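Breakdown of the fold
The chain contents come next:
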Amino acid sequence: DTAVSQTPKYLVTQMGNDKSIKCEQNLGHDTMYWYKQDSKKFLKIMFSYNNKELIINETVPNRFSPKSPDKAHLNLHINSLELGDSAVYFCASSRNRGPEAFFGQGTRLTVV
Amino acid sequence: AQTVTQSQPEMSVQEAETVTLSCTYDTSESDYYLFWYKQPPSRQMILVIRQEAYKQQNATENRFSVNFQKAAKSFSLKISDSQLGDAAMYFCAYRSAGYGNKLVFGAGTILRVKS
């Protein structure tokens, strides 16, 4: 009964490949997010969706494309992977009127 | 834009002792939330404590309490009776009020607990 779940937990891939990370939340939340944690552990927002509508799109390369088929799912597709994309990617969700964000367990992406 | 600063890259505490982690933030907003998240080696982000800016009373959750100084834009975390399981990276975070707003994180503080 995991609240926010991401798959896969680990992803190792070669430069130039295309990969996707899936996220699902069973909390009934309206808003979902993708955060990136770099090698220095710094966490930064990438995208935010509210009821399937994109509301935050930080300065992220076009190679990153989020997709929200419904408000319980937010997937992240990455094209033409580069070495610098190696990081931990976290999905999170929150209620519209709730301040807390609940995080998934993270996906460690390694590009070789 | 809001910024969050954690000036202590690393802290150590003896088991059963008390430690305080510092956090300052910069904002022009009056309505916002502040958080402390814990990230153990498992990398799961765990919410430790939350403070609403409109509340003067400092939040407390068992052994964890905060010292919220709104005018000084300071938000420190005090961990009492430290336990080995408290060892982790701790992140201070800011969020504007209103729906869908992002969390802005500090750089984190590594907390080591000595037995």
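Focus: the overall build of chain A
- Secondary structure assignment for chain A yields zero helices and eleven strands.
- Along chain A, from the amino end to the carboxyl end, the secondary structure elements read β-β-β-β-β-β-β-β-β-β-β.
- Its C-alpha radius of gyration of 13 Å places chain A within 12% of the 13 Å reference for a compact globule of 112 residues.
- Expressed as lengths along the three principal axes of its C-alpha atoms, the size of chain A is roughly 40 × 25 × 25 Å.
- Split into buried and exposed, the 112 residues of chain A put 47% on the buried side.
- Accessible surface computed for chain A: about 5600 Å², of which carbon and sulfur atoms make up 48%.
- Computed over 14 positive and 11 negative side-chain charges, the separation of the two mean positions in chain A equals 3 Å.

Looking at the overall build of chain B
- Broken down by element type, chain B carries zero helices and twelve strands.
- Starting at the N terminus, the α and β elements of chain B follow one another as β-β-β-β-β-β-β-β-β-β-β-β.
- For 115 residues, the compact-globule estimate of 2.2 N^0.38 gives 13 Å, and chain B sits close to it at 14 Å.
- Dimensions of chain B, computed from the C-alpha atoms along their principal axes, are close to 40 × 25 × 20 Å.

Side note on the interface of chain A and chain B
- At the junction of the two partners, chain A supplies 29 residues and chain B supplies 21 residues.
- Considering only the side of chain A, the residues that lose the most area to chain B are Leu43(A), Pro99(A) and Phe103(A), jointly responsible for 29% of the buried surface there.
- Summed over the shared surface of chain A and chain B, the number is two salt bridges.
- Put simply, Glu100(A) and Arg50(B) hold a salt bridge, and the shortest N to O gap is 2.1 Å.
- At the surface where chain A touches chain B, the tally comes to 13 residue pairs in polar contact (both at pLDDT 80 or more).
- Those elements giving two or more residues to the side of chain A that touches chain B turn out to be β4 (31–37), β5 (43–50), β6 (53–57), β9 (87–94) and β11 (107–111) of chain A.
- Along the lines of polarity and charge, the residues of the side of chain A that touches chain B split into 13 nonpolar, eleven polar and five charged.

Calculation criteria
Numbering of residues starts from 1 in each chain and follows the order in which that chain's sequence is written. By the order in which they are written, chains take letters starting at A while ligands take numbers starting at 1. Residue-level local features of this predicted model are given only where pLDDT is at least 70; pairs of side-chain atoms are given and counted only at 80 or more, and the full residue set underlies all totals for whole chains, interfaces and linings. Only hydrogens and water are set aside; all other atoms, that is, all heavy atoms of the structure, feed into the side-chain values. Labels follow the DSSP assignment, with helices taken as runs of H or I lasting at least four residues and strands as runs of E lasting at least two, numbered in each case from the N terminus. Computation of the radius of gyration draws on C-alpha atoms, with the globule rule given as 2.2 Å multiplied by the number of residues to the power 0.38. Residue exposure (1.4 Å probe, protein chains only): buried if accessible area is under 20% of the type maximum, exposed if over 50%, otherwise partly exposed. Note that accessible areas follow from Shrake-Rupley with a 1.4 Å probe, and for residues the cover is restricted to the protein chains shown. Note that His is not counted, nor are the chain ends; the positive residues are Lys and Arg, and the negative ones are Asp and Glu. In this description, the location of a charge corresponds to atom NZ of lysine, CZ of arginine, CG of aspartate or CD of glutamate. We call two residues in contact whenever any of their non-hydrogen atoms come within 4.5 Å of each other. Two parts placed together each lose some accessible area under a 1.4 Å probe, and the buried area is that loss summed for both. The term salt bridge refers to a side-chain nitrogen of Lys or Arg lying within 4 Å of a carboxyl oxygen of Asp or Glu. Each polar contact in these results corresponds to two N or O atoms within 3.5 Å; when the atoms are within protein, one needs to be able to donate a hydrogen and the other to accept it, and residues that are neighboring in sequence are counted only if both atoms are side-chain atoms. Throughout this entry, Asp, Glu, Lys and Arg are counted as charged residues, while Ala, Val, Leu, Ile, Met, Phe, Trp, Tyr, Cys and Pro are counted as nonpolar. The remaining residues, Gly among them, count as polar.

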